[in-house]
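Residue-level structure breakdown
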Amino acid sequence: MINTYLELSLLIDLVASVCFSLIFALIKIPRSDYSRGLCTSKQFLSGSFAAIAAVLWFTLYHRDVADFPRFATLMMLVVTAVSAVVMSYSLISLLDDKFMGRDLFLINVIIIAALGIALARVYLHGHLLATKVLTGIFVAAHVLQCVYHIIRFNAIYVGSRKRFKDYYDEDDDRRIRWIRFCYIIMMLTDMFILVYMGFYLLFQRELIIVVYVLFYSLFMLYFSSNYISFLSSHKILLDAFAHETLDITSRQPARRVRDKNKEARKGQAGLYASQDEAREKEFKRISKALSNWVAEKRFREYDKSRDEIAGQLNTTKEMLQLYFSVCVGEDFRSWRTALRIEDAKKLLLEDRKASTNVIAEICGFSDRSNFHRQFSHIVGCSPKEWRESEGHPENLS
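Residues numbered from 1 in each chain as written. Predicted model: local features only at pLDDT ≥ 70, side-chain atom pairs only at ≥ 80, totals over all residues. Heavy atoms only, no water.

Section: the nonpolar core
Most often, soluble globular proteins have nonpolar side chains that are buried together. What counts, and what does not: The nonpolar core is taken to be a set of buried Ala, Val, Leu, Ile, Met, Phe, Trp, Tyr and Cys residues, with the residues joined through side-chain atoms within 4.5 Å. Throughout, exposure labels follow a simple rule: accessible area from a 1.4 Å probe, protein chains only, divided by the maximum for the residue type, with under 20% read as buried, over 50% as exposed, and the rest as partly exposed. Only runs of H or I of at least four residues qualify as helices and only runs of E of at least two qualify as strands under DSSP, and these elements are numbered from the N terminus. Contact criterion: two residues are considered in contact whenever any of their non-hydrogen atoms come within 4.5 Å of each other.
The biggest cluster of nonpolar side chains holds 72 residues, and the ones touching the most others in it are L10, M76, I209, F223 and Y227. If you list the elements that add at least two residues to this core, you get α1 (2-26), α2 (36-61), α3 (68-95), α4 (102-124), α5 (128-167), α6 (177-203) and α7 (207-231). At 20 residues, α3 tops the list of elements feeding residues into this core. Beyond its immediate chain neighbours, meaning those up to four positions away, I209 contacts L6, T73, M76, I193 and Y196. If you look at the next biggest cluster of nonpolar residues, it comprises 14 residues, including L347, A360, F371 and W386.

Re the layout of surface pockets
For clarity, the cut-off: A pocket here means an open set of points on a 1 Å grid, computed over the protein atoms alone, that has protein on both sides within 12 Å along at least five of seven lines. A cavity is instead a set of points where a 1.4 Å probe fits but cannot get out; residues with an atom within 4 Å of a point line either one. Grid points are joined across faces, edges and corners, and a volume is the space filled by probe spheres set on the points. Here the term charged refers only to Asp, Glu, Lys and Arg, the term nonpolar to Ala, Val, Leu, Ile, Met, Phe, Trp, Tyr, Cys and Pro, and the term polar to all other amino acids, Gly among them.
Computed from the structure, the largest pocket encloses a volume of approximately 330 Å³. Every residue lining the largest pocket is counted, 19 residues in all, and those nearest its centre are V55, V78, V82, A113 and I117. Of all the secondary structure elements, the ones that give two or more residues to the lining of the largest pocket are α2, α3 and α4. For the lining of the largest pocket, the class distribution of residues is 14 nonpolar, 4 polar and 1 charged.

Quick word on unusual backbone geometry
A positive phi angle, near 55°, is found at K297, a position not held by glycine. The topology assignment puts K297 in the loop between α10 (269-295) and α11 (306-312).

Focus on the environment of I378
The residue I378 is located in helix α15 (residues 368-379) in this model. Taking relative accessible area as the criterion, I378 reaches 39% and is therefore assigned partly exposed. Ignoring sequence-local partners within four residues, the contact set of I378 consists of T337, A338 and I341.

Quick word on α3
Applicable threshold: Under the convention used throughout, the expected extent of a helix is 1.5 Å for every residue step, that is, one less than its residue count.
Given a rise of 1.5 Å per residue, 28 residues ought to cover 40 Å, and the 40 Å separating the end C-alpha atoms of α3 matches this to within 8%. In terms of burial, α3 is largely enclosed, as 27 of its 28 residues are buried.

Re the side chain of S88
Note on placement: S88 falls in helix α3. Taking relative accessible area as the criterion, S88 reaches 0% and is therefore assigned buried. When sequence neighbours within four positions are dropped, the list of residues in contact with S88 reads S83, H149, Y183, M186 and M187.

What about the packing of aromatic side chains?
Selection criterion: Within 6.5 Å between ring centres, the rings of Phe, Tyr and Trp (the latter by its six-membered ring) count as paired, and their orientation is classed by plane angle as stacked under 30 degrees, edge-to-face over 60, tilted in between.
Throughout the structure, instances matching the rule amount to 25 aromatic pairs. A ring pair is formed by W293 and F332, whose centres lie 5.8 Å apart and whose planes are at 55°; its orientation type is tilted. Highlighted residues: W293 in helix α10 and F332 in helix α13 (residues 332-350), separated in sequence by 39 residues. For the pair W293 and F332, a shared accessibility class is recorded, and that class is buried. Consider the rings of Y323 and F324, whose centres lie 5.6 Å apart with planes at 85°: the pair is edge-to-face. An identical accessibility class is assigned to Y323 and F324; each is buried. What links up through ring pairs into an aromatic cluster is the set F20, F24, F49, F192, Y212, Y216, F219, F223 and Y227.

So, the packing of α3 against α4
Put simply, the rule reads: Convention adopted: a line fitted to C-alpha atoms gives each axis, helices being fitted over their contacting stretch, and angles between N-to-C directions are expressed from 0 to 180 degrees. Orientation is classified from the angle alone, with under 35 degrees giving roughly parallel, over 145 giving roughly antiparallel, 65 to 115 giving roughly perpendicular, and any other angle giving oblique.
Viewed as axis vectors pointing N to C, α3 and α4 meet at an angle of 175°, and their least axial separation amounts to 10 Å. Of the possible angle classes, the one that applies to α3 and α4 is roughly antiparallel. Listed contacts from α4 to R70, F71, L74, M75, V78, A81, V82, V85, V86 and Y89 of α3 are R102, F105, N108, V109, I112, G116, L119, A120, Y123 and L124. In the contact of α3 with α4, the residues fall into 16 nonpolar, 2 polar and 2 charged.

As for the environment of M319
Mapped onto the secondary structure, M319 falls in helix α12 (residues 317-328). Residues M319 and E282, 37 residues apart in the sequence, show an inter-C-alpha distance of 8.5 Å. Excluding residues that lie within four positions of it along the chain, M319 makes contacts with E282, F283 and I286.

Quick notes on the side chain of R340
Definition in use: Polar contacts here mean pairs of N or O atoms no more than 3.5 Å apart (in protein, one a potential hydrogen donor and the other a potential acceptor; neighbouring residues in sequence count only if both atoms are side-chain atoms).
Of note, R340 is situated in helix α13. What makes R340 buried here is its relative accessible area of 0%. Side-chain polar atoms of R340 contact the backbone oxygen of G364, separated by 3.2 Å.

Shape descriptors only; they carry no functional weight alone.
Right, dumping it as structure tokens:
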């Protein structure tokens, strides 16, 4: 009876893996320099689900093997190891496609594939001692890879959140929080198979593997649904992470940069003067456009990418960032937040019947808690205290 339930649960996982593999393969993403990491991530996820489906089919094909629950447990260990490697690489590539090289990724995949094939062969040939030794090696390699990927993922995730805070609305980093949560769930799911293996050896409870296999199908559904949902709103993430391309020289080989600098020094001095004059002219035009932009209260609009805002100002996002760096001395996001807070301060006193939540939304804050946090940080008191003090919080007792 246990074998029947186990076969059914494995079949459910197999069907789910095939479906997710096809879905990810068929999803189309417009190709650009910025979407390269996203395309790479999607492709590897499709391949990962295909590989998982192959392992599950192999497991079901040998369902007549002696002690099928034990064999299924070993194969689920291979499945989780494959998913840990590929999904780690995919999620890291999603945040930064240059953070983990493909060579390192392929080495990880080859190690897992070789150990998985060897483990299946020795078990099917009845070599118990070799099975135990290879299982120990496989578990050790799996744990080391998980630790390594956790460290790498945490580093890139922290950097990604910082880039969001530097370039976008105050709460836009919420768009990538699901990535971290999914990653934690993935690692917990992968590690649970190790806990189960120890539990199985001690208590010989076979039903748990059925529950685990079904749980794994739910994990795949949760992960895939979040990922696919993210694809529809990836534009703002791509724009945030593309800021590194603003410095063109940072993307060129050092030798090429030195050669260009050398050639530039040989040029006429008048070229630099004309460039400075053109930049100053553009800065004046941006300053005037920003004045009109503020007068029209377009700073109240939220969920806008730098491309869209630059388009409203009839400039480029690169030039806009350069303007704020040179002429304003702070990033666009901080400057806009200050405008929104000043706007909120006036509305709080002008319309006392309006709730702070409504005023926050009018001024461009899509998150209530973030509005209160930013208001308190800039003004020194809460919105409620500001209203009660008639705009003089120093008089509060």
